[in-house]
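The primary structure of each chain is shown beneath.
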Amino acid sequence: MPLKLTQLSDLATLPFDQIIDVRSPAEFALDHVPGAINLPAMSNDERARVGTIYVQEDPFKARKIGAAIVARNVAMHLEGPLSEKEGSYKPLVYCWRGGQRSGSVAIILKQIGWRADTIEGGYQAYRRLVSKALYEGAIPCPVVVIDGGTGTAKTRLLDHLARQGAQTLDLESMAEHRGSLFGPMRDTQPSQKAFESRLAMGLAKLQPNRPVYVEAESSKIGRLIIPPVLWQAMITAPNLRLTAPLEARVDHLISAYPDMRADDVKLQTVLDMLIRYHGHEKVAQWKALATAQEHAALTRALIETHYDPRYARISKAHAPDAEEVPLPDLSDETLAACAARLIMSE
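The shown structure was predicted, so the numbers you read here are calculated from the model rather than taken from an experiment. Residue positions are counted from 1 within each chain, in the order its sequence is given. Confidence filtering applies because this is a predicted model: local features only for residues at pLDDT of at least 70, side-chain atom pairs given and counted only at 80 or more, and all residues used for totals across whole chains, interfaces and linings. To obtain the side-chain values, all non-hydrogen atoms of the structure were used and water was disregarded.

## Focus on the sheet that holds strand β11 (residues 323-326)
Sheet strands pair via backbone hydrogen bonds, and the direction of the pair is either parallel or antiparallel. In short, DSSP must find at least two bridges between two strands for them to pair. Labels follow the DSSP assignment, with helices taken as runs of H or I lasting at least four residues and strands as runs of E lasting at least two, numbered in each case from the N terminus. Spatial ordering of the open sheet is given by β6-β7-β5-β10-β11, a layout of five strands whose pairing is parallel. Each edge of the open sheet carries a strand with a single partner, namely β6 (167-169) and β11. Sheet twist, expressed as the mean angle between neighbouring strand axes with direction ignored, is 30°. Of the pairings in the sheet, the one linking strand β5 (residues 143-148) to strand β10 (residues 239-243) comprises four bridges and is parallel in character. Note on definitions: angles span 0 to 180 degrees between N-to-C directions of axes, and those axes are lines fitted to C-alpha atoms, for helices only across the stretch in contact.

## Here we look at the sheet that holds strand β1 (residues 18-21)
The four strands lie next to each other as β2-β1-β3-β4, forming an open sheet whose pairing is parallel. The sheet is open, and its two edges are formed by β2 (37-38) and β4 (117-118), each paired on a single side. Here two bridges tie β1 to β2, and the two strands are oriented parallel to one another. Bridge pairing links D21 to N38 in β2.

## Concerning the packing of helix α5 (residues 122-135) against helix α8 (residues 192-204)
At their nearest, the axes of α5 and α8 sit 9 Å apart, and the two run at 70° to each other. Classified by the angle their axes make, α5 and α8 are roughly perpendicular. Like other packed secondary-structure pairs, α5 and α8 cross with a definite hand, here left-handed. On α8, the residues touching Y123, Y126, R127, V130, L134 and Y135 of α5 are Q192, K193, E196, S197, L199, A200, M201 and L203. Partitioning the contact of α5 with α8 into residue classes produces nine nonpolar, two polar and three charged. Angle categories: roughly parallel below 35 degrees, roughly antiparallel above 145, roughly perpendicular from 65 to 115, and oblique for all the rest. Helix crossings get a hand from a simple test, with the near helix turned counterclockwise from the far one by less than a right angle marking a left-handed crossing and a clockwise turn marking a right-handed one. Here, residues are in contact when the closest pair of their heavy atoms is within 4.5 Å. Side-chain classes are defined by residue name, with Ala, Val, Leu, Ile, Met, Phe, Trp, Tyr, Cys and Pro counting as nonpolar, Asp, Glu, Lys and Arg as charged, and the others, Gly among them, as polar.

## Overview of α8
Because an α-helix completes one turn every 3.6 residues, residues spaced three or four positions apart along the sequence face the same direction. Multiplying 1.5 Å by the helix residue count minus one yields the expected span of that helix. Across its 13 residues, α8 extends 18 Å between first and last C-alpha, which sits within 8% of the 18 Å expected from 1.5 Å per residue. Buried means the residue's accessible area, taken with a 1.4 Å probe over protein chains only, is under 20% of the maximum for its type, while exposed means over 50%, and partly exposed covers the values in between. Of the positions making up α8, those classed as buried are A194, F195, E196, S197, L199, A200, M201, G202 and L203.

## A few points about the packing of aromatic side chains
Only Phe, Tyr and Trp rings are paired, with Trp represented by its six-membered ring, and only when their centres lie within 6.5 Å; those with planes under 30 degrees apart are stacked, over 60 edge-to-face, the remainder tilted. By the definition in use, this model includes three aromatic pairs. Clustering of aromatic rings is evident, with ring pairs tying together W96, Y123 and Y126. Two conditions define a charge located above a ring, namely a distance within 6 Å from the ring centre to NZ of Lys or CZ of Arg, and an angle within 35 degrees of the ring normal. Stacked on the ring of Y123, the Lys or Arg R23 has its end atom at 4.3 Å from the ring centre. Of note, R310 hangs over the ring of Y277, and the distance from its end group to the ring centre comes to 5.0 Å.

## Quick look at the layout of surface pockets
Only protein atoms enter the 1 Å grid used here. Points where a 1.4 Å probe fits but cannot escape make up a cavity, open sets with protein on both sides within 12 Å along at least five of seven lines make up a pocket, and a residue lines them when an atom lies within 4 Å of a point. Grid points are joined across faces, edges and corners, and a volume is the space filled by probe spheres set on the points. When its volume is computed, the second largest pocket comes out at roughly 550 Å³. Lining the second largest pocket are 18 residues, and of these M42, V50, R97, Q100 and R101 sit closest to its centre. The leading source of residues in the lining of the second largest pocket is helix α3 (residues 59-79), at five residues. For the lining of the second largest pocket, a count of residues per class yields eight nonpolar, five polar and five charged.

## Quick notes on unusual backbone geometry
Despite not being glycine, A153 shows a phi value in the positive range, around 65°. Looking at where A153 falls in the secondary structure, it is placed in the loop between β5 and α6 (154-163). Judged by its relative accessible area of 3%, A153 falls in the buried class. Its identity is not glycine, yet E176 carries a phi of approximately 55°, on the positive side. Turning to its location among the elements, E176 is positioned in the loop between α7 (171-175) and α8.

## Things to note about a nonpolar patch on the surface
Each patch is built from residues that are more than 30% exposed by relative accessible area and take part in no salt bridge. Like charges join if they lie within 9 Å; nonpolar side chains (Val, Leu, Ile, Met, Phe, Trp, Tyr) join within 5 Å. With residues, only the protein chains shown are counted as cover, and all accessible areas are computed by Shrake-Rupley using a 1.4 Å probe. What counts as a salt bridge is simple: a side-chain nitrogen of Lys or Arg found within 4 Å of a carboxyl oxygen of Asp or Glu. The grouping of L181, M273 and Y277 at the surface amounts to a nonpolar patch, some 250 Å² of accessible area in total. Mapped onto the elements, L181 comes out in the loop between α7 and α8. Exposure remark for L181: the relative accessible area of 31% places this residue in the partly exposed category.

## What to know about the packing of helix α2 (residues 44-56) against α3
Look at α2 against α3: their axes get within 8 Å of each other, and the N-to-C directions meet at 160°. On the basis of the axis angle, α2 is roughly antiparallel to α3. Crossing of α2 against α3: the hand is left-handed. Contact residues: E46, R49, V50, I53 and Y54 in α2; P59, K61, A62, R63, I65, G66, I69 and N73 in α3. Taken together, the residues of the contact of α2 with α3 break down into seven nonpolar, two polar and four charged.

Listed below in structure tokens is the structure:
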């Protein structure tokens with residue numbers, strides 16, 4: 001019998017060795033169950049071809065051609081990624097709706113002797129649970145927002161909290177973006193659905209009797225939107241406002257953005273985006289510092305002229321009663337001690 005998922009936390013305790021997504025690579029890239037591997041029953045082109053035949057010619061013909069394609073692809077998987085699996089192997093297989101693709105693959109795996117099963121409703125059933133958690137539910141525990149001006153090492157403090165056993169949600173890591181014009185970690189971010197999958201699985205692991213720490217963000221991280229259940233919890237949550245000496249912030253930012261130091265063209269392109277805020281003359285001065293490799297002077301100027309004034313306006317409007325957490329420096333020792341104090345006060 002297909003396995004019915006009733007809550008996302010079920011995925012952490014399922015008695016299976018591996019979760020196999022047999023959808024096309026394009027479907028898998030858009031979003032998938034976290035931890036699943038992609039062994040497609042059909043390639044992107046094959047899926048499109050079979051779908052066209054189904055709609056424009058004959059459903060029976062499409063199923064027959066589709067079955068042949070699936071058989072060939074499963075044979076390649078058996079001779080490749082699955083070739084070393086032992087007789088006790090127990091995979092959980094899913095496709096888009098839990099229908100023909102996953103069912104066909106599971107039948108073959110079962111005939112080999114493996115204890116394969118499928119997810120009832122496939123990816124769509126999983127996606128409904130994600131949507132319910134992020135658009136209809138509630139955060140299962142109290143939220144504490146780690147706030148502070150640019151360069152106050154909020155992400156590093158979050159990491160120290162996690163290392164010491166606190167509950168955290170690293171939204172920037174999930175979104176693959178550091179939350180500013182200088183923020184992209186890669187050429188592209190994950191899809192909105194993939195971001196939501198990561199977030200929903202993070203929420204599913206939280207214990208209700210302890211707070212979860214998140215870094216202050218706007219409603220969007222890069223091009224990705226923070227879903228309403230979490231966003232509403234964040235804007236009403238208590239804020240801890242980190243402060244640190246300017247030079248410590250400068251040193252931290254220089255070490256945190258090696259990609260900008262290493263790629264002058266990339267840095268110049270980002271600086272161009274600030275023209276609408278500060279005009280051509282000011283940005284030209286900053287670009288000259290970048291060209292001269294005067295990264296400390298550039299970073300100091302950006303903090304004082306761009307980031308701190310913007311943060312002062314935003315924090316005054318959204319978190320006027322934040323609890324200040326002064327840090328004498330931004331060393332790992334100081335951040336670790338700060339994390340320990342926060343955990344002790346839970």
